[in-house]
Amino acid sequence: MPATAKTTTKTTKIRRTHSDLAFQIVNYTLISAFTFICLFPFLNTFASAFSDNHAIQSGKVVFFPVGFTLDPMKAVFMDHSIIRALYITVFVTLVGTTAQMMFTILTAYPLSRRDLKYRAQMMNYILITMLFSGGLIPGYLLIKNLGMLNSLYAIIVPGLLSSFNLIVLRTFFQGLPDELREAAVMDGCSNIRYIVTCVVPLSIPAIATLSLFYAVGHWNSYFGPLLFIDNPDLHTLQVKLRAILLLSQHTVNINELTQQNALHLMEESLKSATIVFATVPILLVYPFLQKYFVKGVMIGAVKG
């Protein structure tokens, strides 16, 4: 019988010095404190949205609702102007993000090609737009002369291309192997087909990350809709939220509420309920893009 050899595995333990332990304690403490500072306003607002107004005014609401009530949220959902503003914001976010990504991809890919003539000069013009702009009044006059005032085009068209995101995506495209394009050209693949079938699938992390940036920017856009749109029927959710927080241009539809509930429906809880209503939808998008966001967070970084 052959002798069986016994294999022993040795586990090496890394000894941590007192300085390493102190560094970890300080590091975790600072991260926890920073996380708490970021989460506290949202948790407090969320609790206030479902709390009685007297508890809010007395300062009893911190992290959990006090005097739980659904009247503020009912009032928000019963206000047709807020629901209309939500639909407009969703439409602008979807259409604007799709159009922006299309223009960004179609501009970044040619600029990533080393055989493109005058590529450096075109990049210089793009960089200039990051440093200088025409200003507020010329921008408003341009939108007015183009006939886009009081239309959704005024908040979609001017931001179709972001210079920063263009440079980021261009840098990502430059990292794709040239051999892939040469093989595609030999198979008779056109540039558009190569972008759709090869470049876009390989760039999903970058595209998803930039799409998240574009979507959050459209969802939180406030100054553009306020400046270019006077029609209340075209106000976005952020403009409507401003009106509510300023206690102006807002009326609550209470036809289906009893008079007793209407008397208890106070402004502080209504403000919090509207903020939650405007914040939660965009927060629900992040979990679906998280895995791509983690992969694409280092887009354009210099690799050693």
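The shown structure was predicted, so the numbers you read here are calculated from the model rather than taken from an experiment.

Enquirer: I'd like a description of empty space enclosed by the protein, backed by residues and values.
Expert: As enumerated under the stated definition, the model contains one cavity of 30 Å³ or more in all. What the largest cavity holds in volume is close to 40 Å³. Looking at the largest cavity, the residues that line it are V92, I155, H218, S221, P225 and T236. Residue composition of the lining of the largest cavity, grouped by class: three nonpolar, three polar and no charged.

Enquirer: Give me the pattern of salt bridges: which residues, what numbers.
Expert: Taken as a whole, this structure holds three salt bridges when the rule is applied. Among the salt bridges present, the one from D233 reaches R84, with a minimum N-O distance of 3.5 Å. In this pair, D233 sits in the loop between α12 (223-228) and α13 (237-245) while R84 sits in helix α4 (residues 80-112), placing the two residues 149 residues apart along the sequence. Of the charged contacts, one joins D178 and R114 as a salt bridge, the two residues approaching to 3.5 Å between their closest N and O atoms. Taken as a pair, D178 in helix α9 (residues 178-186) and R114 in the loop between α4 and α5 (119-131) lie far apart in primary sequence, 64 residues in all. Among the residues examined, D178 registers a relative accessible area of 38% and is labelled partly exposed.

Enquirer: Break down a nonpolar patch on the surface for me, with residues and values.
Expert: Taken together, the side chains of F36, I37, L39, F40, F42, L43, F46, V62, F63, F64 and L283 present a nonpolar region at the surface, about 1000 Å² in accessible area. When its relative accessible area of 47% is taken as the criterion, F36 is described as partly exposed.

Enquirer: Any chance you could break down the side chain of S112 for me, citing the residues and the numbers?
Expert: Along the polypeptide, S112 turns up in helix α4. Not counting chain neighbours up to four residues away, the residues in contact with S112 comprise R119, R170, F173 and Q174.

Parameters and conventions
- Residues numbered from 1 in each chain as written.
- Predicted model: local features only at pLDDT ≥ 70, side-chain atom pairs only at ≥ 80, totals over all residues.
- Heavy atoms only, no water.
- 1 Å grid on protein atoms, 1.4 Å probe; cavity = no way out; pocket = protein on both sides within 12 Å on 5 of 7 lines; lining within 4 Å.
- Points joined across faces, edges and corners; volume = space filled by probe spheres on them.
- Nonpolar A, V, L, I, M, F, W, Y, C, P; charged D, E, K, R; others polar.
- Salt bridge = Lys/Arg side-chain N within 4 Å of Asp/Glu carboxyl O.
- Helix = DSSP H or I, 4+ residues; strand = E, 2+ residues; numbered from the N terminus.
- Buried < 20%, exposed > 50% of the residue type's maximum accessible area, 1.4 Å probe, protein only.
- Patch = residues over 30% accessible without salt bridge, like charges linked within 9 Å, V, L, I, M, F, W, Y side chains within 5 Å.
- Areas by Shrake-Rupley, 256 points an atom, 1.4 Å probe, with all protein chains shown as cover.
- Contact = heavy atoms within 4.5 Å.

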